[in-house]
Amino acid sequence: NSMRTFTWRELSRLNSRHNAHVAYRGKVYDVSGFVARHPGGVDQIMLGAGRDITQLFESYHKKEIVNVLEKFYVGELVDNEMPVFPKTSEFYSTLKKRVENYFKSNNIDPKVDYWMFVRYAAFLTLTFTSWYCLILFHSSWVLGLFFSLMWGFFSALVAMTYTHDSRPWVWKLVGSVHDFYHGASILAWTYQHVLGHHPFTNIDGADPDIVTAAAEVPDIRRIKW
């Protein structure tokens, strides 16, 4: 029997919880029946539904976990929307294994350090404090400028820390800060940054965080030097 083939556009439409397909190293898998049992959570696996998950899968999973995927194999991916990278090198595999062994041998949870919640509380407190002081001292341009800078700095730290080095439930909690306080969307940020920037860091045309080719976006922060 001939195995089914998928284009990336066809794959992209298979992104619902009851019809979730993903691609890994050119193979397509129907993980619909696995979504509810995914150890990392339903939200996390659904972020990859309808996509090539190669980079994210290899970053977050141990090498042997690919055997779980094989149970759901349904066909081949014949083209790609995004760049395709070579298979991981021996150096990468060795380094990743050594890092895993370090955390295990020292009895350290690689996903959470409870001291970081003290840091989170401090950053959040300083963010709201600087915002309040900006309003309180609005008549002074010196203090206004100072607290504006502090407000921006600690707001950036909230995004840089909470949404990078913690568990998903913390992301959702901080998402309310992004949505309500910063006027940003945590959902849009997740798709753009986690699914765009992280797997394709600094690759022009693939990394949405470095729009450098569009002449209509004259943003000095996004110019390649």
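Residues numbered from 1 in each chain as written. Predicted model: local features only at pLDDT ≥ 70, side-chain atom pairs only at ≥ 80, totals over all residues. Heavy atoms only, no water.

**Q** Honestly, helix α6 (residues 116-136) in this entry has me stumped. Any pointers?
**A** An α-helical turn contains 3.6 residues, so a residue and the one three or four places further along point in the same direction. Helix length check: α6 (21 residues) gives 30 Å between terminal C-alpha atoms against 30 Å at 1.5 Å per residue, within 8%. Listed in full, the buried residues belonging to α6 are M116, Y120, F123, T127, S130, C133 and L134. (Helix = DSSP H or I, 4+ residues; strand = E, 2+ residues; numbered from the N terminus. Expected span 1.5 Å × (residues − 1). Buried < 20%, exposed > 50% of the residue type's maximum accessible area, 1.4 Å probe, protein only.)

**Q** Where do I start with the nonpolar core in this structure?
**A** A general feature of soluble globular proteins is that nonpolar side chains tend to end up buried together. Among the nonpolar cores identified, the biggest contains 15 residues, and Y24, Y29, V31 and L69 are the most heavily contacted of them. Only β3 (19-24), α2 (42-47) and α4 (66-70) provide two or more residues apiece to this core. Residue contributions to this core peak at three residues, all from β3. Listed in part, the nine residues of the second largest apolar core include V112, M116, F154 and V170. (Core = buried A, V, L, I, M, F, W, Y, C linked by side-chain atoms within 4.5 Å.)

**Q** Help me out: how do you make sense of the side chain of H193 in this one?
**A** The topology assignment puts H193 in helix α9 (residues 186-197). Judged by its relative accessible area of 12%, H193 falls in the buried class. Ignoring anything within four residues of it in the chain, the contact list for H193 reads H164, H198 and D209. (Contact = heavy atoms within 4.5 Å.)

**Q** So what exactly am I meant to see when it comes to the pattern of salt bridges here?
**A** Pairing between side chains of opposite charge can happen when the charged atoms of each approach one another. Considering all chains together, one arrives at one salt bridge under this definition. Its salt-bridge partner being R25, residue E58 comes within 3.1 Å of it at the nearest N-O pair. Placement of the pair is E58 in helix α3 (residues 54-60) and R25 in the loop between β3 and β4 (27-30), with a sequence separation of 33 residues. You can call R25 partly exposed: its relative accessible area is 25%. (Salt bridge = Lys/Arg side-chain N within 4 Å of Asp/Glu carboxyl O.)

**Q** It is not clear to me how the side chain of T54 should be interpreted in this structure. Could you clarify?
**A** Along the chain, T54 falls in helix α3. On the accessibility criterion, T54 (4% relative accessible area) is buried. Side-chain polar atoms of T54 contact the side chain of D52, separated by 2.6 Å. Sequence-distant contacts of T54, defined by excluding residues within four places in its chain, comprise A23, Y24 and R25. (Polar contact = N/O pair within 3.5 Å; in protein donor to acceptor, adjacent residues only side chain to side chain.)

**Q** Sorry, what's going on with the packing of α6 against helix α7 (residues 141-162) here?
**A** Relative orientation and spacing of two packed helices are given, respectively, by the angle between their axes and the distance between those axes. Between α6 and α7, whose axes approach to 8 Å, the crossing angle comes to 150°. Taken together, α6 and α7 sit at an angle that is classed as roughly antiparallel. At the point where α6 passes α7, the crossing takes the left-handed sense. Contacts between α6 and α7 involve Y120, A121, F123, L124, L126, T127, S130, W131, C133 and L134 from the former and G144, F147, S148, M150, W151, F154, S155, L157, V158, T161 and Y162 from the latter. Looking at side-chain class alone, the contact of α6 with α7 contains 15 nonpolar, six polar and no charged residues. (Axes fitted to C-alpha atoms, helices over the stretch in contact; angles between N-to-C directions. Parallel < 35°, antiparallel > 145°, perpendicular 65-115°, else oblique. Left-handed = near helix turned anticlockwise from the far one by under 90°. Nonpolar A, V, L, I, M, F, W, Y, C, P; charged D, E, K, R; others polar.)

**Q** Where do I start with the packing of aromatic side chains in this structure?
**A** Two aromatic rings, taken as a pair, are described by how far apart their centres are and by the angle between their planes. For the structure shown, the criterion picks out 11 aromatic pairs. Their ring planes at 25° and their centres at 6.0 Å tell us that F85 and F200 sit as a pair that is stacked. Placement of the pair is F85 in the loop between β5 (73-77) and α5 (90-105) and F200 in the segment after α9, with a sequence separation of 115 residues. Put simply, the rings of F123, F153 and F154 pair up and form one aromatic cluster. Here the basic side chain of K27 rests over the ring of Y73, its NZ or CZ set 5.7 Å away from the ring centre. (Phe/Tyr/Trp six-rings, centres within 6.5 Å; stacked < 30°, edge-to-face > 60°. Lys NZ or Arg CZ within 6 Å of the ring centre and 35° of its normal.)

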